[in-house]
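Chain by chain, the residues:
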Amino acid sequence: MKIMSIVGARPNFMKVAPFVRAIQRYNQSRAAAGQIQHILVHTGQHYDPTMSEVFFHELGIPAPDINLEVGSGTHAYQVGQTMIAFEKVLLEIQPDWVIVIGDVNATAACSLTARKYGIRVAHIEAGLRSFDWTMPEEVNRVVTDRLSNLLFTPDRLADENLRREGVSTVTICCVGNIMIDTLEYERPHASALDINQIISANQLPDQRNSVHLEADRFALLTLHRPANVDAKDRLGPLLETFLTIANIMPIIFPVHPRTRTRLVEFGFWQRLCDHSQLILTRPLGYRDMLRLNMDAKVVLTDSGGLQEECLVLGTHCLTMRENTERPITLTEHSGTNRLVGTEPAVVLAAFHAIQNIPRRVHLPELWDGATAERILTKLIGAACQ
Ligand code: UD1
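This is a predicted model, so every value here is computed, not measured. (Residues numbered from 1 in each chain as written. Predicted model: local features only at pLDDT ≥ 70, side-chain atom pairs only at ≥ 80, totals over all residues. Heavy atoms only, no water.)

Let's shift gears to the overall build of the protein. A count of helices and strands for the protein gives 16 helices and 13 strands. Against the globule reference of 21 Å for 385 residues, the protein gives a C-alpha radius of gyration of 20 Å, in line with a compact fold. When the 385 residues of the protein are sorted by exposure, 59% land in the buried category. Here the analysis covers contacts within the protein between residues at least 6 apart in sequence; of these, 71% occur between residues at least 24 apart. (Helix = DSSP H or I, 4+ residues; strand = E, 2+ residues; numbered from the N terminus. Rg over C-alpha atoms; globule rule 2.2 N^0.38 Å. Buried < 20%, exposed > 50% of the residue type's maximum accessible area, 1.4 Å probe, protein only. Contact = heavy atoms within 4.5 Å.)

Okay, here's the thing in structure tokens:
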């Protein structure tokens, strides 16, 4: 059997790692003829070493067999270029399955190309819905799920979304969250790291300040959604909020390339650099981020994956969005995540409100570190039931 897995952007890398390991384990116990041939394709959507290569090294993912080198561009450019380049690869290799992950442009582009050639598509992280069609990821999620032959969902809420859309229940496999496989696998490595060493190794040279971090006495911030960073009148008030929080406790801010470009363009960069308790770092590797999350009092973010990691680590998460495709993480479902939007007063009120609430871990069903094994078993059987 030939399986081709697609990765393109940062959030894909931590999700493919356990799947690759599951295939390696499967192959170890079989003669060559019965082994799975795995082909890893990187579309090249993310290409900076800190956004891509670092994760391959750290998570032990083999170098991609094929890199489509698509790079940055508009949505149409990225999706179009990926489809054109991927079509050649697909026709040459003719895999039995194409595995797509998450909701990035690579996911939608490759599932569409494969399905047009009648090659079966399986989607890892299927069924998530923010119901917000202004998010490019929501378009990618819906398109990919509609095209997929097998839909591997992380939780029962995702199953329900798919059933409501009329997806046949025999194609829906609730397998748990594959990213938690990586979290559990990497947890011991991350635990051994020192939070202050992480900062000194990664702080941007633009800053001269330094802080000494203590567990439960700092905030971790990430921000990269176009809706939050591409408009000056949205980004400006958000930054004021962060500066207010930084007066209360240190904030660690690993800066995404898109966000950095905007901060410089809008003239905000120097102000951030100058705050004594706001620490700007380059994008961090997986273990560094996990280690900081383990000790952070609160994570302020507009990322999807961090909402889930906070849930499993018990860290308070304030999500600076109006909605989430990951409702299982919310306090309504016994989680640690609160949707706070971007209104400064609301974000600040939530920041104060969580101060005296202790950490509390919550593990949804099947978030047990064995999701990749379940996916492979179902794939080999080519059915969910
Ligand atoms: C993409 C995903 C998003 C995911 C995010 C994680 C889509 C539609 N969006 O958004 O779901 O949460 O990745 O990071 O697929 N850039 C670099 N170096 C890189 C990559 C990007 O400098 O290695 C810069 C470029 O200026 C680029 C911009 O970042 O134009 C945005 O990159 P892009 O891949 O378009 O989307 P992300 O915002 O990273």
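Spatially, the seven strands line up as an open sheet ordered β3-β2-β1-β4-β5-β6-β7, and their pairing is parallel. Because the sheet does not close on itself, it has two edges, and the strands there are β3 (66-67) and β7 (172-174). On the sheet, helix α3 (residues 75-93) packs against β1 (2-7), β2 (37-42), β3 and β4 (97-101) and is oriented at approximately 165° with respect to β1. Those strands touched by helix α16 (residues 371-381) are β1, β4, β5 (120-124), β6 (150-153) and β7, and its axis lies near 165° from that of β6. (Pairing = 2+ DSSP bridges. Axes fitted to C-alpha atoms, helices over the stretch in contact; angles between N-to-C directions.)

What the domain assignment reports for the protein is domain 1 (2-177 + 366-381) and domain 2 (192-353). A straight line from the C-alpha centre of domain 1 to that of domain 2 covers 28 Å. Between domain 1 and domain 2, a total of about 1,800 Å² is buried, with carbon and sulfur atoms accounting for 61% of that surface. Among the residues of domain 1 in contact with domain 2, Glu 58, Leu 157 and Trp 367 are the three that bury the most area, contributing 29% of the side total. Seen at the junction of domain 1 and domain 2, the total is three salt bridges. Joining domain 1 to domain 2, the criterion identifies seven residue pairs in polar contact (both at pLDDT 80 or more). Secondary-structure elements contributing two or more residues to the side of domain 1 that touches domain 2 are α1 (10-28), α2 (53-59) and α5 (136-147). (Domains from an automatic or database assignment. Buried area = accessible area lost by both parts, 1.4 Å probe. Salt bridge = Lys/Arg side-chain N within 4 Å of Asp/Glu carboxyl O. Polar contact = N/O pair within 3.5 Å; in protein donor to acceptor, adjacent residues only side chain to side chain.)

Here we take up the pairing of β4. Counted residue by residue, β4 has five buried out of five residues, so it is predominantly covered. On β4, burial covers both faces: Trp 97, Ile 99 and Ile 101 on one face and Val 98 and Val 100 on the other are all buried. Where β1 lies against β4, three bridges are found, and the strand directions are parallel. In the sheet register, Ile 3 faces β4, and the bridge partner there is Trp 97.

In the vicinity of the ligand, 20 residues are found, and the nearest of them are Gln 45, His 46, Glu 137, His 224 and Arg 258. With respect to the ligand, the backbone of Tyr 47 contributes an N or O atom lying 2.8 Å from an oxygen atom. In this structure, His 224 approaches the ligand through a side-chain N or O atom, which is 2.8 Å from an oxygen atom. When the ligand is considered free in solution it has 740 Å² of accessible area, and contact with the protein chains removes 85% of it. For the shell around the ligand, the per-class residue count stands at five nonpolar, nine polar and six charged. Each of domain 1 (2-177 + 366-381) and domain 2 (192-353) contributes no fewer than three residues to the shell around the ligand. (Near = heavy atom within 4 Å. Areas by Shrake-Rupley, 256 points an atom, 1.4 Å probe, with all protein chains shown as cover. Nonpolar A, V, L, I, M, F, W, Y, C, P; charged D, E, K, R; others polar.)

Below, the discussion takes up the pattern of salt bridges. Evaluation of the coordinates by the stated rule reveals 26 salt bridges. In this structure, the salt-bridge partner of Arg 217 is Glu 214, at a minimum N-O distance of 3.8 Å. Arg 217 gets classed as exposed once you look at its relative accessible area, which sits at 53%. Linking Arg 326 and Glu 308 is a salt bridge whose minimum nitrogen-to-oxygen distance equals 2.8 Å.

Burial runs high along β2: five of the six residues are buried. Taken together, the six bridges between β1 and β2 define a ladder with parallel strand orientation. Each residue of the ladder has a partner; that of Ile 3, found in β2, is His 38. In this region the chain leaves β1, passes through α1 and returns to the parallel neighbour β2; the handedness of that crossover is right-handed. Bridge analysis of β2 against β3 gives two bridges, and the strand direction is parallel. Across the sheet, His 42 pairs through a bridge with Asn 67, a residue of β3. (Right-handed = clockwise from strand over helix to strand, strands pointing away.)

This part covers the packing of helix α10 (residues 232-248) against helix α15 (residues 344-353). Here α10 crosses α15 at 25°, and the two axes come no closer than 9 Å. Compared by their axis directions, α10 and α15 come out roughly parallel. α10 and α15 meet at a crossing whose hand is right-handed. Each of Pro 237, Thr 241, Thr 244, Ile 245 and Ile 248 in α10 lies in contact with α15, whose residues at this interface are Pro 344, Val 347, Leu 348, Phe 351 and His 352. When the residues that make up the contact of α10 with α15 are grouped by side-chain class, the tally is seven nonpolar, three polar and no charged. (Parallel < 35°, antiparallel > 145°, perpendicular 65-115°, else oblique. Left-handed = near helix turned anticlockwise from the far one by under 90°.)

Let us now look at the state of the cysteines. Taken as a whole, this structure holds zero disulfides when the rule is applied. The thiol of Cys 174 is not disulfide-bonded; the next cysteine sulfur, from Cys 173, is found 9.1 Å away. Cys 174 sits in the buried class, given a relative accessible area of 14%. (Disulfide = S-S within 2.5 Å.)

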